[in-house]
Number of protein chains: 4
Amino acid sequence: MPSNSFGSLFRITTFGESHGPAIGVVIDGCPAGLPISTEEIQAELSLRQAGKSPYTSPRGEKDETEILSGVFEGKTTGAPIALLIRNRDADSSKYEPIKDLLRPGHANYTYLQKYGIFDYRGGGRSSARETAARVAAGAIAKKFLAHFGVHTCAFVSEIGGIAMPPPILKNLAALRKKTLANPIFCPDEKAAKKMMAAIEAAKKEGDSLGGILQGAAVGLPAGLGDPVYQKLEANLAYAMLSLPATKGFEIGSGFAAARMRGSEHNDTFETDRKGTIHTAGNLAGGTLGGISTGAPLYFRVAFKPTSSIEKPQKTVSTTGKAATFRLPPGSRHDPCVAIRAVPIVESMLALVLADALLMNRLSKI
Amino acid sequence: MPSNSFGSLFRITTFGESHGPAIGVVIDGCPAGLPISTEEIQAELSLRQAGKSPYTSPRGEKDETEILSGVFEGKTTGAPIALLIRNRDADSSKYEPIKDLLRPGHANYTYLQKYGIFDYRGGGRSSARETAARVAAGAIAKKFLAHFGVHTCAFVSEIGGIAMPPPILKNLAALRKKTLANPIFCPDEKAAKKMMAAIEAAKKEGDSLGGILQGAAVGLPAGLGDPVYQKLEANLAYAMLSLPATKGFEIGSGFAAARMRGSEHNDTFETDRKGTIHTAGNLAGGTLGGISTGAPLYFRVAFKPTSSIEKPQKTVSTTGKAATFRLPPGSRHDPCVAIRAVPIVESMLALVLADALLMNRLSKI
Amino acid sequence: MPSNSFGSLFRITTFGESHGPAIGVVIDGCPAGLPISTEEIQAELSLRQAGKSPYTSPRGEKDETEILSGVFEGKTTGAPIALLIRNRDADSSKYEPIKDLLRPGHANYTYLQKYGIFDYRGGGRSSARETAARVAAGAIAKKFLAHFGVHTCAFVSEIGGIAMPPPILKNLAALRKKTLANPIFCPDEKAAKKMMAAIEAAKKEGDSLGGILQGAAVGLPAGLGDPVYQKLEANLAYAMLSLPATKGFEIGSGFAAARMRGSEHNDTFETDRKGTIHTAGNLAGGTLGGISTGAPLYFRVAFKPTSSIEKPQKTVSTTGKAATFRLPPGSRHDPCVAIRAVPIVESMLALVLADALLMNRLSKI
Amino acid sequence: MPSNSFGSLFRITTFGESHGPAIGVVIDGCPAGLPISTEEIQAELSLRQAGKSPYTSPRGEKDETEILSGVFEGKTTGAPIALLIRNRDADSSKYEPIKDLLRPGHANYTYLQKYGIFDYRGGGRSSARETAARVAAGAIAKKFLAHFGVHTCAFVSEIGGIAMPPPILKNLAALRKKTLANPIFCPDEKAAKKMMAAIEAAKKEGDSLGGILQGAAVGLPAGLGDPVYQKLEANLAYAMLSLPATKGFEIGSGFAAARMRGSEHNDTFETDRKGTIHTAGNLAGGTLGGISTGAPLYFRVAFKPTSSIEKPQKTVSTTGKAATFRLPPGSRHDPCVAIRAVPIVESMLALVLADALLMNRLSKI
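Residues numbered from 1 in each chain as written. Chains lettered and ligands numbered in written order. Predicted model: local features only at pLDDT ≥ 70, side-chain atom pairs only at ≥ 80, totals over all residues.

Asks: Would you explain the overall build of chain A in this entry?
Replies: Per the secondary structure count, chain A includes 9 helices and 18 strands. For 365 residues, the compact-globule estimate of 2.2 N^0.38 gives 21 Å, and the C-alpha radius of gyration of chain A, at 21 Å, lies within 12% of that figure. For the C-alpha atoms alone, the extent of chain A along its principal axes is close to 70 × 50 × 35 Å. Taking the intrachain contacts of chain A between residues at least 6 apart in sequence as the baseline, contacts between residues at least 24 apart amount to 71%. (Helix = DSSP H or I, 4+ residues; strand = E, 2+ residues; numbered from the N terminus. Rg over C-alpha atoms; globule rule 2.2 N^0.38 Å. Contact = placed C-beta atoms within 7 Å.)

Asks: Sorry if this is basic, but what is going on with the environment of Ile-339 of chain D here?
Replies: Relative to the helices and strands, Ile-339 of chain D resides in helix H8 (residues 337-340). A C-alpha to C-alpha distance of 18 Å links Ile-339 of chain D and Ala-239 of chain D, two positions 100 residues apart in sequence.

Asks: Help me out: how do you make sense of the packing of helix H3 (residues 130-147) of chain B against helix H9 (residues 342-359) of chain B in this one?
Replies: A pair of packed helices can be characterised by two numbers: the angle between their axes and the separation between those axes. Residues and elements named next belong to chain B. Running from N to C, H3 and H9 point in directions that differ by 50°, and their axes come no closer than 8 Å. In terms of orientation, H3 and H9 fall into the oblique class. Read as a crossing pair, H3 and H9 show a hand that is left-handed. When H3 is examined against H9, the residues Thr-131, Arg-134, Val-135, Ala-137, Gly-138, Ala-141, Lys-142, Phe-144 and Leu-145 are found in contact with a partner set consisting of Pro-343, Ile-344, Glu-346, Ser-347, Met-348, Ala-350, Leu-351, Leu-353 and Ala-354. In terms of residue class, the contact of H3 with H9 is made up of 12 nonpolar, 3 polar and 3 charged. (Axes fitted to C-alpha atoms, helices over the stretch in contact; angles between N-to-C directions. Parallel < 35°, antiparallel > 145°, perpendicular 65-115°, else oblique. Left-handed = near helix turned anticlockwise from the far one by under 90°. Nonpolar A, V, L, I, M, F, W, Y, C, P; charged D, E, K, R; others polar.)

Asks: How should the sheet that holds strand E9 (residues 162-163) of chain C be read in this particular structure?
Replies: Hydrogen bonds along the backbone pair up the strands of a sheet, which may run parallel or antiparallel. Here 10 strands make up an open sheet; going across it, the order is E9(C)-E8(C)-E10(C)-E16(C)-E11(C)-E11(D)-E16(D)-E10(D)-E8(D)-E9(D) and the pairing antiparallel. Two strands lie at the open edges of the sheet, namely E9 of chain C together with strand E9 (162-163) of chain D, each paired on one side alone. Here 5 bridges tie strand E11 (residues 246-251) of chain C to strand E16 (residues 297-303) of chain C, and the two strands are oriented antiparallel to one another. Bridge pairing in E16 of chain C links Gly-248 of chain C to Ala-302 of chain C. (Pairing = 2+ DSSP bridges.)

Asks: I'm lost on the interface of chain B and chain A in this one. Help?
Replies: By a widely used convention, the size of an interface equals the accessible area lost when the partners come together. Every contact between the two is made by 91 residues of chain B and, on the other side, 90 residues of chain A. For the side of chain B that touches chain A, the element with the highest residue contribution is helix H2 (residues 108-115) of chain B, accounting for 6 residues. Looking at the side of chain B that touches chain A, its residues break down into 34 nonpolar, 39 polar and 18 charged. Taken together, the 3 bridges between strand E11 (residues 246-251) of chain A and strand E11 (residues 246-251) of chain B define a ladder with antiparallel strand orientation. Among the inter-strand pairings, Gly-248 of chain A is bridged to a residue of E11 of chain B, identified as Glu-250 of chain B.

Asks: So what exactly am I meant to see when it comes to the relation of the copies chain B and chain A here?
Replies: Applying a rotation about an axis and a shift along it to one chain copy brings it onto the other copy. Note on the copies: chain B fits chain A at an RMSD of 0.0 Å, the axial shift is 0.0 Å, and the rotation between them is 180°. Here the transformation between the copies is reduced to the relation of a two-fold axis. Across chain B, the smallest distance between a C-alpha and the rotation axis is recorded for Tyr-238 of chain B, namely 2.4 Å. In this assembly the copies share their binding face: 99% of the residues contributing to the interface of chain B also contribute to that of chain A. (Least-squares fit on C-alpha atoms with pLDDT ≥ 70 in both.)

Asks: Explanation requested: the environment of Arg-326 of chain B in the structure shown.
Replies: Counting through the fold element by element, Arg-326 of chain B comes out in the loop between strand E18 (322-325) and helix H8 (337-340). On a C-alpha basis, the gap between Arg-326 of chain B and Thr-315 of chain B in space is 9.9 Å, while along the polypeptide they are 11 residues apart.

Asks: Teacher, can you tell me more about the pairing of strand E7 (residues 81-86) of chain C here?
Replies: Every regular strand shows the same layout, with side chains that alternate between the two sheet faces. Residues and elements named next belong to chain C. Burial runs high along E7: 5 of the 6 residues are buried. Examined bridge by bridge, strand E4 (residues 65-67) and E7 share 3 bridges and lie antiparallel to one another. Bridge pairing in E7 links Glu-66 to Leu-84. (Buried ≥ 20, exposed ≤ 12 C-beta atoms within 10 Å, placed from the backbone.)

Asks: Which parts of the structure should I look at to understand the relation of the copies chain D and chain A?
Replies: Superposition of chain D onto chain A requires a rotation of 180° combined with a translation of 0.0 Å along the rotation axis, giving an RMSD of 0.0 Å. Both copies contact each other with a shared surface, as 100% of the interface residues of chain D are interface residues in chain A too.

Asks: Before we go on, may I ask you to explain the sheet that holds strand E1 (residues 5-6) of chain B in this structure?
Replies: Residues and elements named next belong to chain B. Strands sit in the order E1-E2-E3-E7-E4 across an open sheet of 5 strands; the sheet is antiparallel. Only two strands of the sheet have a single partner each, and these edge strands are E1 and strand E4 (65-67). Note: strand E2 (residues 11-16) against strand E3 (residues 22-28), 6 bridges, orientation antiparallel. Bridge assignment links Thr-13 to a residue of E3, and that residue is Val-26. Against the sheet, H3 engages E2, E3, E4 and strand E7 (81-86), with an angle of about 35° to E3.

Asks: Whenever I open this one, the environment of Leu-169 of chain D confuses me. Can you help?
Replies: All names here are of chain D. Its location among the elements puts Leu-169 in the loop between E9 and helix H4 (172-181). You can call Leu-169 partly exposed: it has 18 C-beta atoms within 10 Å. Sequence-wise, Leu-169 and Leu-213 are 44 residues apart; in three dimensions their C-alpha atoms are separated by 14 Å. Sequence-distant contacts of Leu-169, defined by excluding residues within four places in its chain, comprise Ala-216, Val-218, Pro-296 and Tyr-298.

Asks: Whenever I open this one, the interface of chain D and chain A confuses me. Can you help?
Replies: Taken together, the 38 residues of chain D in the interface contact 38 residues of chain A. If you list the elements that add at least two residues to the side of chain D that touches chain A, you get strand E2 (11-16), strand E3 (22-28) and helix H2 (108-115) of chain D.

Asks: Can you help me understand the packing of helix H6 (residues 232-241) of chain C against helix H6 (residues 232-241) of chain D in this one?
Replies: It is at 8 Å that the axes of H6 of chain C and H6 of chain D come closest, and there the two elements cross at 165°. On the basis of the axis angle, H6 of chain C is roughly antiparallel to H6 of chain D. The handedness of the crossing between H6 of chain C and H6 of chain D is right-handed. Touching Glu-233, Ala-234, Ala-237, Tyr-238 and Leu-241 of chain C of H6 of chain C are Glu-233, Ala-234, Ala-237, Tyr-238 and Leu-241 of chain D, all from H6 of chain D. Its residues assigned to classes, the contact of H6 of chain C with H6 of chain D shows 8 nonpolar, no polar and 2 charged.

Asks: It is not clear to me how helix H6 (residues 232-241) of chain A should be interpreted in this structure. Could you clarify?
Replies: Along an α-helix, residues three or four positions apart point the same way, because every turn accommodates 3.6 residues. Among the 10 residues in H6 of chain A, 10 count as buried, and that is most of the element. Among the residues of H6 of chain A, those classed as buried are Leu-232, Glu-233, Ala-234, Asn-235, Leu-236, Ala-237, Tyr-238, Ala-239, Met-240 and Leu-241 of chain A.

Asks: What exactly am I supposed to notice about unusual backbone geometry here?
Replies: Outside of glycine, negative phi angles account for most residues, and trans bonds account for most peptide bonds. Located in the positive-phi region is Ala-245 of chain B, a residue other than glycine, with phi close to 75°. Considering the arrangement of structural elements, one finds Ala-245 of chain B in the loop between helix H6 (232-241) and E11. One non-glycine residue, Glu-73 of chain D, lies in positive phi territory at about 50°.

See the structure below:
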């Protein structure tokens, strides 16, 4: 129920506003005995760091995590793990002039309606800054998954209508390496170049672009996910649509399945040389009946174009007076939020899988 | 956590297998004082009833609900409401010959991996029959919503690649009426005819079709949904992907947003003659920052083509031996599962909104 | 959150009113592969059956359970297990004359305040009849525990101020046998006789008695219970105070500990011949820091005297007019509710332990 | 489920070890619009501060809370409120010599069994230091309750067998004032003096004492608490037994009810001059059927004598070798833990009531 927690057994609770003293996360349910260090968390956090390239916003702040609890002599103890990230580079005075304007595509209108109060500085709790806490927690989830041979990856597959060809997922480590080496987290160099050109063009016009990310995981045992409401794809859809700026989710064949026939779409079963059963194709995307088959898991997430654009926009004030919305000079915003979402999507995927792995310990007597 | 419950405050727990003695649902959290009758539940249940037309499967059984608890003198008492639906027309002997074959596109493989045991008769717990319990619960959720002026609708918008034009959502009552009058729940007669022809063609070839449903709601107050993890669209995505055969979800502009620019996509704010603030357009689909704006809510759900087809399919047995899968003679299956999913999608939408309405009572002091 | 569910991982949801069509329970989270039969559930249910002796009320109805789901070929499948018990012997007309009177010691006043509506027939949802559903679920929990060598017992240790001497818990099977053989579930024959005399005396005067039950479990591994909020004793206290008519709970030394010194109270550690570490005494009652030590678990629960008595009592009507409350002729009530609570306390203990056993699977990597 | 969270709707999650960098709490679900300041939290925290008198341990550290999130311009925003308390005075080197000894009455044995790892410094997560986070959260819960006219109090009612006479609860503010003015939080000066003498005597012998606390609340509306599992007394029992060193809980008449007759115990209903219905007596302790009647709520909690005593104790090492346990020189421990538990018991009471107040918003349509 509590709206700031995610997950059932491997459960995170995040807190913090963009321009408050700090953001952070409490991870409750991580089993004891997992080796974890500040450096490992830091490495993941640096991936979503702003200012990496001209394609993301220049917020200069370096996120530094402090492990407050739950780790003793380098290992988790079974106690809750609290991670703290101070907000350092937070100049909120520039938000003063726009605090009474409804910001198109943003949440200040709905927060005011719901709560009667809104911490407008940098978007407050609605800021994407909250996702840094998810990435910090995701670092621990990934470590947990790696212990069981499960590996994850997320990457940009389309920006501004420019799509890369479908990648091969079996060698996910190589795909992840290529992704992280690319300034816009797209593992296909050729497509990435075109995307970068499109981003630059939009930026010049004070505009922004939308995009599509893909997430994938390999090494999953069959059996992850619960049959009815906690289907693996339902948990993933929930995780992804809980990210700011997302508009859609699809697993495996996704919306394209709606245009296929059963005889095309069904993945038939076969046996390999070792006698292991698997599906011949994988249009399902790695699950059947909500439960992992053992085949690679893959899905796609649609991101809308960044709402914060330099072009002036029509709006009204909180009291309903017509006005023009202009971004405060020096305010930081990405021309395409999808790019920075890559480590976040991967983190949410890892959190969903860590939860499912634990849950699966409960299925048989 | 428990995998057979859905919702936080308006919470359902379903039980039952396709060919067991009964299915049912316990609704916990419905406030006291809501008038409810067996007839109202029955009316909704009859919508998902099999055998309505050549476009759905001929399972003759009529679902009859019994209210076991939580209603006294025609009103809810605040106690849990248990609804029971007996399984009458359940001949499971015909499943005997295929019990050791992995059924392409079905869950018997994954259930066996997860639990080591599988009630194979009619798909057991993985059967779409479980959704009848959701529809029964949804009838109560809809009654609850109507009390607050919130109304819902779901309809077929595309089958086999044939799409109807985008409907106008403001007059949702009229749209719902047209939908229910149509044999395949598509409110656009012209498109529906083409879809029916496509279904018949596929059926003749022993094959099946996929489709896309749209869901919508009007009358929502601004403020429904919680900011971070319980975003309204996240809960909807979770609800929809928890339905059998779903492959994708999108809200508002959805995947199309990924190909738009910020200046096109942002819904600008304006004030109407009465001084009420609203958005000029509604590409967002009714939420901002995960919270309802008061504009109509709309979303789309992709369904894969029915996995059960008459065409023989390659497969293996549970022990890995190559085999051919053929449906048992007389087994019931829909040529397009999307059609029968219409009342189910509407029910899940109603359950999500009922939960959000209750949750919203907690937002302000 | 939902108020009609109990437990986290081995979770029950009960429903039903005393004079409605049925009561029942859904058990969600019982692992697959546990053999279970209707007879085993029936055997436990018969223990709380009314009319067994002059010391309990003569409600003649025989509870019959139907397993609606979750069991296939005699074993649990991992799907939710729904159990249904029809209410047969429910004549509610006699409650008509007292429906507008506030019943001393009963819940109709508070239900009316909370819900604005009250199913007054036989106490509706507040009736102890709801506990039959707990006992049915408890039968499955006990079966689950037995699989892991954990055994439970509950018994009457005091009625009307007459207390039996502290029993030896190590041979719990023998203690349970003696308990079940006694008409008032007290394993000490001598004390039981005095208690029965006291009950008869009170009954003659149209009055009732309170009592104290003890619960115990052996065979627990060390490690059950979670350190902070889900301490084993916290979960037990919650379970016991969720039973009708309970006023207190104590574990191990309980309230007597408040009058002891640390040097008396601390259980020192020692090693047995096999090198196993255990505590020399067991004033703690089987836990340290909320987690089981492996020593026998034991606790006590205080029950108030039955509120329904034949003596006339002063009261007011629901509109505040002075009145005299008299039990409807032929209404059934126990002279001492503690007796019938024995199988219920044991069931709640079993449910708490089953949950803790599952939870403990998650503690280490 | 997550073991470090407490509450359903007004929900806290605590983290931190005694000798780690910090402890803290995240409060999720506090409605927006509640005025709250650091000073108010600090005032409550100072009540459990060590070193106040010779009757509590001399840990010199002053707890300072930092509000990290959820408060904007002096009011709660609906976002999670994170409170951080740094551990400053934490010299853990002195625990080195005893790290391999099982400490009588402590949790290191059970933690090691459960997790295979134990942060032994100052008791780690099992330390009563965790309760400082509960008190910080309790300060906010009390502020919330006060907004609705609900007030709470906890006090020492018995130490070392010396009991104060039952207090009058109606003027709870005066009782609280007297309590806070007393060095051992006992509002009865005469009894308090005797208790202090007993504490000094035990201390001189290197020993410790147990005690009993009473908690109370006034101003409650009728209707708080849920009928079956979330009974108000069940939630209180759970809250109290989740505190370190507690062995028992009783509400109203408690264990004494077991020795009473129904005709004595039933609180009869009557109407006051204004026509308001209330119970004549209040043996029930403020609830009927688990739901508040509007009468004062009161309960008692038993605390065992402090486990840490200066007297040497027999024990074994973690590998089972016989040893003598001696407290490290300079280690801090209270001669009677019950005293310092006073603000903690009050905080838990406040948290339970805040949750119940919110829950009650959901009971009627």
